[in-house]
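Structural features, examined
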Amino acid sequence: MNFICGSISDQIDTQFTFDLKKISNDLELNPSYLSREFSKYFENLNFGDYVRKLRTEKAITLIQNSSYTLTKIAYMTGFSDQSHFTRIFKQSRGKNPSSYRKNTQKSNPDTKSK
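Report on the accompanying structure. It should be emphasised that the depicted structure is a prediction, and the values quoted were computed from it without experimental measurement. (Residues numbered from 1 in each chain as written. Predicted model: local features only at pLDDT ≥ 70, side-chain atom pairs only at ≥ 80, totals over all residues. Heavy atoms only, no water.)

**Regarding the pattern of salt bridges**
For the structure shown, the criterion picks out 5 salt bridges. The salt bridge partner of Asp-26 is Lys-22, with a shortest N-O separation of 2.9 Å. Here Lys-22 and Asp-26 lie together in helix H2 (residues 20-27), a separation of 4 residues that amounts to about one turn. Since its relative accessible area comes to 52%, Asp-26 is described here as exposed. Note that Glu-57 is salt-bridged to Lys-53, the shortest N-O span being 2.7 Å. (Salt bridge = Lys/Arg side-chain N within 4 Å of Asp/Glu carboxyl O. Helix = DSSP H or I, 4+ residues; strand = E, 2+ residues; numbered from the N terminus. Buried < 20%, exposed > 50% of the residue type's maximum accessible area, 1.4 Å probe, protein only.)

Right, here's the structure in full:
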């Protein structure tokens with residue numbers, strides 16, 4: 001299962017579509033079996049939730065360490081659009097990406113507003 005994680009992590013910053021059926025075909029496994037087994041090894045998250053978690057973590061890194069627009073960050077982390085990115089980010093972190101960026105900048109005196 002670790003090779004799946006590596007493959008997902010390597011491609012998280014692209015517009016790669018994570019398709020459980022394709023991965024299960026490549027591995028010659030039943031998609032239902034792969035989905036069940038996946039959650040046992042990856043923080044008890046299903047495949048889609050795990051991918052969204054990785055995308056959100058990558059977005060946090062970009063928010064904290066870059067001056068990219070949130071639209072650009074949404075695209076860079078594989079979200080279909082900024083609205084989807086904002087919704088998933090807020091579900092995960094309890095605040096929208098814009099508020100998260102403002103709080104990050106306030107708490108880090110070395111961060112300059114861009």
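**Describing the nonpolar core**
Ile-63, Leu-70, Ile-73, Phe-79, Phe-85, Phe-89 and Tyr-100 are the most contacted members of the largest nonpolar core, which totals 13 residues. Mapped onto this core, the elements with two or more residues apiece are helix H4 (47-65), helix H5 (70-76) and helix H6 (82-93). The residues touching Leu-70, leaving out its near neighbours within four places in the chain, are Ile-63, Gln-82, Phe-85, Pro-97, Ser-98 and Arg-101. Within the second largest apolar cluster, 9 residues are counted, among which are Leu-20, Ile-23, Leu-34 and Val-51. (Core = buried A, V, L, I, M, F, W, Y, C linked by side-chain atoms within 4.5 Å. Contact = heavy atoms within 4.5 Å.)

**Quick word on H6**
Along its 12 residues, H6 runs 16 Å from first to last C-alpha, staying within 8% of the 16 Å computed at 1.5 Å per residue. Among the residues of H6, those classed as buried are Phe-85, Ile-88 and Phe-89. End-on view of H6: buried residues confined to an arc of 100 degrees, all on one side of the axis. Away from its buried face, by an angle of more than 90 degrees, H6 presents the exposed residues Ser-83 and Gln-91. On the buried face of H6, the contacting elements are H4, H5 and helix H7 (97-107). You can read the cap of H6 off the contacts: a side-chain oxygen lies 3.1 Å from the backbone nitrogen of Ser-83, and it is on Asp-81. (Expected span 1.5 Å × (residues − 1). Arc of directions from axis to C-beta. Polar contact = N/O pair within 3.5 Å; in protein donor to acceptor, adjacent residues only side chain to side chain.)

**A look at the packing of aromatic side chains**
Here the structure, examined in full by the defined rule, presents 7 aromatic pairs. Ring plane angle 55 degrees and centroid distance 5.0 Å describe the contact between Phe-42 and Tyr-50, whose orientation is recorded as tilted. Residue class for Phe-42 comes out buried when judged on its relative accessible area of 5%. Seen in terms of ring centroids, Phe-89 and Tyr-100 are 5.5 Å apart; in terms of plane orientation they differ by 75 degrees. Their pairing is edge-to-face. One end of the pair, Phe-89, is in helix H6; the other, Tyr-100, is in helix H7, and 11 residues separate them in sequence. Taken as a pair, Phe-89 and Tyr-100 share a single burial class, namely buried. Through successive ring pairs, a cluster of aromatic residues spans Phe-38, Phe-42, Phe-47 and Tyr-50. (Phe/Tyr/Trp six-rings, centres within 6.5 Å; stacked < 30°, edge-to-face > 60°.)

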